[in-house]
4 protein chains.
Amino acid sequence: MIIILKRGAEEARVQALCAELVGRGLKIHESTGSEARILGLVGDTKSINESWLLANPVVEVVRRVTEPYKKANRKFHPDDTVVEVNGVKIGGGQFAVIAGPCSVESEEQIEEVAAAVKASGAALLRGGAFKPRTSPYSFQGLRADGLELLRHARRATGLPIVTEIMNTEHLPLFEDVDMIQVGARNMQNFELLRRLGQTGKPILLKRGLSATLEELVMSAEYIMAEGNEQVILCERGIRTFETSMRNTLDISAVPMLKKMTHLPVVIDPSHAAGISWMVEPLAAAAVAAGADGLMIEVHNNPACALCDGAQSLTCEQFDALMQKIRPEAEFFGRRLSAG
Amino acid sequence: MIIILKRGAEEARVQALCAELVGRGLKIHESTGSEARILGLVGDTKSINESWLLANPVVEVVRRVTEPYKKANRKFHPDDTVVEVNGVKIGGGQFAVIAGPCSVESEEQIEEVAAAVKASGAALLRGGAFKPRTSPYSFQGLRADGLELLRHARRATGLPIVTEIMNTEHLPLFEDVDMIQVGARNMQNFELLRRLGQTGKPILLKRGLSATLEELVMSAEYIMAEGNEQVILCERGIRTFETSMRNTLDISAVPMLKKMTHLPVVIDPSHAAGISWMVEPLAAAAVAAGADGLMIEVHNNPACALCDGAQSLTCEQFDALMQKIRPEAEFFGRRLSAG
Amino acid sequence: MIIILKRGAEEARVQALCAELVGRGLKIHESTGSEARILGLVGDTKSINESWLLANPVVEVVRRVTEPYKKANRKFHPDDTVVEVNGVKIGGGQFAVIAGPCSVESEEQIEEVAAAVKASGAALLRGGAFKPRTSPYSFQGLRADGLELLRHARRATGLPIVTEIMNTEHLPLFEDVDMIQVGARNMQNFELLRRLGQTGKPILLKRGLSATLEELVMSAEYIMAEGNEQVILCERGIRTFETSMRNTLDISAVPMLKKMTHLPVVIDPSHAAGISWMVEPLAAAAVAAGADGLMIEVHNNPACALCDGAQSLTCEQFDALMQKIRPEAEFFGRRLSAG
Amino acid sequence: MIIILKRGAEEARVQALCAELVGRGLKIHESTGSEARILGLVGDTKSINESWLLANPVVEVVRRVTEPYKKANRKFHPDDTVVEVNGVKIGGGQFAVIAGPCSVESEEQIEEVAAAVKASGAALLRGGAFKPRTSPYSFQGLRADGLELLRHARRATGLPIVTEIMNTEHLPLFEDVDMIQVGARNMQNFELLRRLGQTGKPILLKRGLSATLEELVMSAEYIMAEGNEQVILCERGIRTFETSMRNTLDISAVPMLKKMTHLPVVIDPSHAAGISWMVEPLAAAAVAAGADGLMIEVHNNPACALCDGAQSLTCEQFDALMQKIRPEAEFFGRRLSAG
């Protein structure tokens, strides 16, 4: 951690600050330049709050030199983490496709989609039961009944299930879910993250719409700090000024997250653009950029979907997509996980 | 609601869509231009999902003509809502200053700050007990103990208390809180909003860092749809590309939110910039732009604050601020509420 | 074009507006819904300014139904445009790699880099002579001398040259340049665009840091409206909140621009991230997403580059990149153009 | 300037880097912490390029400690600069209102508006002759004829004139203009800035839609580095995600720019929101935040304006605005400059 002092900072106050820092077990290396006087703090600065330093009247700038995340940090865990979801591996060269409807709507719908995506090569089944919707007047999901329908579909197909949680009070309902998803709007719902860290279940953590990559990793760190290291990061499009699509896929997140962390990185091209015809080129780009998996919305009848139909592929379109993704993944040296 | 059809849309499919819409009780006005064919839907379109329409292969664009919020809409409630928090009025010409530390740290701290801000003219006392922090390694607040200390401070000063909730499971602890705050990161924690709508308590709803004003109003609508119309909207700075301050105060939010809704609008200049010397000019701008109140961070010793010291005013600075705000509010024809 | 009228708009004023629109040769289709009254304008609305309509006190909202660009519009030119730069084809399945240093620094540097990138398979040589720099104290390029060095390098290697123009007054210097580049900061320098439209030369138009795709296409339209249809669009990273890299590559721009327009689309992964190790995964993603070419910074000694060394590949790294890009382009069915 | 070295950086390369830096006249202070090794560079680092350092394989992070602007820097010029435009002072407590139409459209229009805004208390007359328009099919301004009409209006009213330049080739036409405006889209047209720096004329420099404040100041530095210190900075709204208005006024820019620089700061509330009814609250906020002036669009018949009618005030609305701004400016201790 580096502290740049203000010009003309009162010496007595500087000495008092240094004394306090030394009292906290740090060593101080001082440099005086022609334009600035700098304190370099040596030791464990994790407990030193930047805002506390900035509030001191002699301090101009505080810069942290090391990353604020530990458990997720690639520097301390050079090897890729491979997350195993009820037998399906993601990461470390294993590429997994998660597919299914935006929301579970009926037994018929989820069973039909589950069978189709399994046949086309998906490794996991997604489906929303609790739905975060901008409007209180929109369909909010089948909730507990939706979870029950997902379990049926798992029984029928053998595909592990992935579904979103919105509240810690619903945790008992998720005991039998294979991977719990945290949605973009809850990426910084820290109470929820902490509790998921106590479950030991694989967690799919989606990036917030305007979150930086470091914020995403810090949210993963919340889960991991509680002892659960089974975290998959998911980039699903960020908010930009572009109006021709819903969000903008941040493809650079793939190589950067893999450099910052050892966790698997999955891309959701369906939410990224919000337009079904864009799923294929974005999915292809994700594979090329080094992603460990894809999350794709598929609906047996998108024109009747209760939610996000515009971005859903039909079962046939998903099958065509898999016929392109499979050889591409192989071209790039990855192995497709089977459900 | 307006639907623009794709060029060359198959007539049979268009007719099928029209039949379905008519079946849902809507009338359809059709216009055919040289470049586009348009369906205007007449009737109650609140139940019609845009994404459902977009998934239809004949549909190119869907545009909603009317606002998706009803209860918060100024059009249906022309008069200003005045929220009363344990006797203190906010809105409709009553201007209230909410002040206190970012987080409650000790009995001595909160009592000293509470007495000071009351003496300077604050109408409500703020203080964080449950703190949303980006890092799991940062101070997370005194939690239940912090709420207890706030109640003490209320007893000592008579100031109603405002504090943030992070999880529905904590609701029983907040029964005795005068106004419950929803933080920026929880603005779209819809389960929390819904439950707060069932409490009947005044709610201070902070805008998310990258939320549009309509999204903020839709989150208020979640609370109001459950029957609780005591909602105050708070602009606290949005994320922009600027690096010289933490966030960028969106001063335009004040007149625009007051045009969109009938709810009081409060500005938090402390979080907006994250720098104590900027609080005064931003507070002055907020009054001039028509805000109904201010939320200001005050600490008896900012250099020792456990959280956000860099943006906190000292008690003396807050007193000086109030001596400027009071005549300015009067200049602009507003009455300062007393605590 | 659709006009939504204000509630309670005065009838006489509405009639006056309609009369004026009819006088301008438009037909009006009116729809009256339960919540809004709508005028649909039929005819050539290109001359109707949205702001002029919005200034009318009876108008609430104006929505344009058709795209404001004509010459660049894919709807009117379904086939891909293939731009030919001194014999090298870009677009329509022909994939071209443009490579070279950020700025031309010396005869030795540009000759060495030119020979190396040619040997590795680049089809065009880039190099900056006029450099837009944020600071007036930074190296501003060799200017006319740099152009001269580029011509030497072209003579030596046979590679067509691409270089940036910053001012219409420099146009005579660019007469012998094969493709003229418009930088991101000049994307809306409309006087420059117009004059480039009168040259008949291939233009490489870079997207502004915060420009929407429609704005980029409108800038291409400026060039095309003057009669020059040889325009290549270049996505080079947009400004976002991310701090771990300089810009964020908008990979979705590739499929979306190719849907909106018939022009070739090139990706610049060097500027997008500003980090040399990220060039390879981003270039791979660009090929997969359907780009028609790449623009890559290569320097014979990046650690001594006068500009943007951090993002430059060495000649060896560029060679390794080309060995990956070539088979990938073939995998995706594109042919590499040779210089 | 601070350099953080990579973990495990090869010692020979570190020594080579240090030797080179020492050879450039710098001293090096080294600190070795538990987690990082840091070089503090002491001396004149203005000539050291960050990207050059980042390209060195031993360098992880480079941080500049001092601001990159000198001439505009408040630290070296503590007193406010007062810019005088043909006798009208702006800055240092003198508050000036610049008013007039978005574009000059006819002699009758500009004469009528000029007389009206003079009568209401404007100190300078604005009017666009060369108009930057997103579409090549929109009205592009009366160009040289517009400048001529502005000169007529100056003769009639005595108000100094302010108008935008788009190209260095037009400079001869601007010789008789009192203050030359650089538009937001040309904020980083460095060739134009440099040439304006050679004129000695007052320059009104508008902030780019997504420019940081430091970038704006660096553009002022381009002008000042050529010897012209008569620069006024203008905040006119930044691009954000908000859709209910055109841009978002960054009110914080006022206090921050005044801290960074000694230059006057003017607010343009008309372009900021793009909506006429928002001009008044935003103008009031600008005065309260400490702005040195306002730039307001006024049209004698906004519903017929060829450009930006939706944001123009009528002459009557402008008069009403001035009746509010005048006492507010006095309340905040500023003197209104007269034209």
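Residues numbered from 1 in each chain as written. Chains lettered and ligands numbered in written order. Predicted model: local features only at pLDDT ≥ 70, side-chain atom pairs only at ≥ 80, totals over all residues. Heavy atoms only, no water.

A. Looking closely at the overall build of chain A. Counting its secondary structure elements, chain A contains ten helices and 15 strands. Considered along the principal axes of its C-alpha atoms, chain A spans approximately 75 × 45 × 40 Å. Counting the 339 residues in chain A, one finds 66% classified as buried. Taking contacts inside chain A between residues at least 6 apart in sequence as the whole, the part at least 24 apart equals 69%. For chain A, the accessible area works out to roughly 10,900 Å², and carbon and sulfur atoms hold 47% of it. Distance between charge centres in chain A, computed from 37 positive and 42 negative side chains, equals 4 Å. (Helix = DSSP H or I, 4+ residues; strand = E, 2+ residues; numbered from the N terminus. Buried < 20%, exposed > 50% of the residue type's maximum accessible area, 1.4 Å probe, protein only. Contact = heavy atoms within 4.5 Å. Areas by Shrake-Rupley, 256 points an atom, 1.4 Å probe, with all protein chains shown as cover. Lys, Arg positive; Asp, Glu negative; His and termini not counted. Charge placed at Lys NZ, Arg CZ, Asp CG, Glu CD.)

B. Structural context of the interface of chain A and chain B. The interface of chain A with chain B comprises 50 residues on the first partner and 50 residues on the second. Put simply, chain A and chain B have six salt bridges between them. A salt bridge links Arg-195 of chain A to Glu-169 of chain B, with the shortest nitrogen-to-oxygen separation between them at 3.2 Å. Connecting chain A to chain B are 25 residue pairs in polar contact (both at pLDDT 80 or more). Where the side of chain A that touches chain B is concerned, the elements lending two or more residues are helix H2 (50-54), helix H5 (190-197) and helix H6 (213-225) of chain A. With five residues, the top contributor of residues to the side of chain A that touches chain B is H6 of chain A. (Salt bridge = Lys/Arg side-chain N within 4 Å of Asp/Glu carboxyl O. Polar contact = N/O pair within 3.5 Å; in protein donor to acceptor, adjacent residues only side chain to side chain.)

C. Layout of the sheet that holds strand S1 (residues 2-5) of chain D. All names here are of chain D. Taking strand neighbours across the sheet as the criterion, the four strands line up as S2-S3-S1-S4 in an open arrangement whose pairing is antiparallel. Each edge of the open sheet is held by one strand with a lone partner, namely strand S2 (27-32) and strand S4 (59-63). Averaged over all pairs of adjacent strands, the angle between their axes in this sheet comes to 20°, without regard to strand direction. Where S2 and strand S3 (residues 37-42) come together, six bridges link them in antiparallel fashion. Pairing of His-29 across the sheet is with Gly-40, part of S3. With respect to the sheet, helix H1 (residues 11-23) is in contact with S1, S2, S3 and S4, its orientation differing from that of S3 by roughly 10°. (Pairing = 2+ DSSP bridges. Axes fitted to C-alpha atoms, helices over the stretch in contact; angles between N-to-C directions.)

D. Highlighting the relation of the copies chain B and chain D. Each copy of the sequence occupies a distinct position, and chain B is placed on chain D by a rotation of 180° and an axial shift of 0.0 Å, giving an RMSD of 0.1 Å. The transformation just described matches what one would write down for a two-fold rotation axis. Taking the C-alpha atom as reference, chain B places Ala-285 of chain B closest to the rotation axis, 2.1 Å from it. Here 100% of the interface residues in chain B have copies in chain D that are interface residues too; the copies meet face to matching face. (Least-squares fit on C-alpha atoms with pLDDT ≥ 70 in both.)

E. Structural detail: the packing of aromatic side chains. Inspection of every chain in the model, using the stated rule, returns 18 aromatic pairs over all chains. Ring centres of Phe-190 of chain C and Tyr-222 of chain C lie 4.6 Å apart, and the angle between their planes is 25°; on these two criteria the pair is classed as stacked. Residue Phe-190 of chain C is found in helix H5 (residues 190-197), and its partner Tyr-222 of chain C is found in helix H6 (residues 213-225); the two are separated by 32 residues along the sequence. Between Phe-331 of chain D and Phe-332 of chain D the ring centres are 5.1 Å apart and the planes differ by 85°, which places this aromatic pair in the edge-to-face class. Judged by relative accessible area, Phe-331 of chain D falls into the partly exposed class, the value being 33%. Ring pairing ties together the aromatic residues Phe-241 of chain A, Phe-241 of chain B, Phe-241 of chain C together with Phe-241 of chain D, which thus form one cluster. The ring of Trp-52 of chain B has Arg-24 of chain B lying over it, and the distance from NZ or CZ to the ring centre is 4.2 Å. (Phe/Tyr/Trp six-rings, centres within 6.5 Å; stacked < 30°, edge-to-face > 60°. Lys NZ or Arg CZ within 6 Å of the ring centre and 35° of its normal.)

F. Molecular detail of the sheet that holds strand S2 (residues 27-32) of chain C. Residue and element names in this part refer to chain C. Taken in spatial order, the four strands line up as S2-S3-S1-S4 in an open sheet, and their pairing is antiparallel. Only two strands of the sheet have a single partner each, and these edge strands are S2 and strand S4 (59-63). Sheet twist, expressed as the mean angle between neighbouring strand axes with direction ignored, is 20°. In this structure, strand S1 (residues 2-5) lies alongside strand S3 (residues 37-42), joined through four bridges in antiparallel fashion. Bridge pairing links Ile-4 to Ile-38 in S3. On the sheet, helix H1 (residues 11-23) packs against S1, S2, S3 and S4 and is oriented at approximately 10° with respect to S3.

G. Summary view of the interface of chain B and chain D. Facing the 32 residues of chain B at the interface are 32 residues of chain D. Buried area between chain B and chain D, summed over both chains or domains, comes out near 2,600 Å², and the portion from carbon and sulfur atoms is 76%. When the buried surface of chain B facing chain D is broken down by residue, Met-256, Trp-277 and Phe-331 of chain B rank first, second and third, together holding 19% of it. The interface formed by chain B and chain D holds two salt bridges in total. Between Arg-207 of chain D and Glu-242 of chain B there is a salt bridge; the shortest N-O distance is 3.6 Å. (Buried area = accessible area lost by both parts, 1.4 Å probe.)

H. Quick peek at the packing of helix H3 (residues 107-120) of chain D against helix H10 (residues 315-331) of chain D. Residues and elements named next belong to chain D. Direction vectors running N to C along H3 and H10 enclose 20°, while the axes themselves pass 9 Å from each other. With respect to H10, the axis of H3 lies roughly parallel. The hand of the H3/H10 crossing is right-handed. Taken together, the residues of H10 that come into contact with H3 (itself represented by Val-113, Ala-116, Val-117 and Ser-120) are Cys-315, Phe-318, Asp-319, Met-322 and Arg-326. Class assignment of the residues belonging to the contact of H3 with H10 gives a composition of six nonpolar, one polar and two charged. (Parallel < 35°, antiparallel > 145°, perpendicular 65-115°, else oblique. Left-handed = near helix turned anticlockwise from the far one by under 90°. Nonpolar A, V, L, I, M, F, W, Y, C, P; charged D, E, K, R; others polar.)

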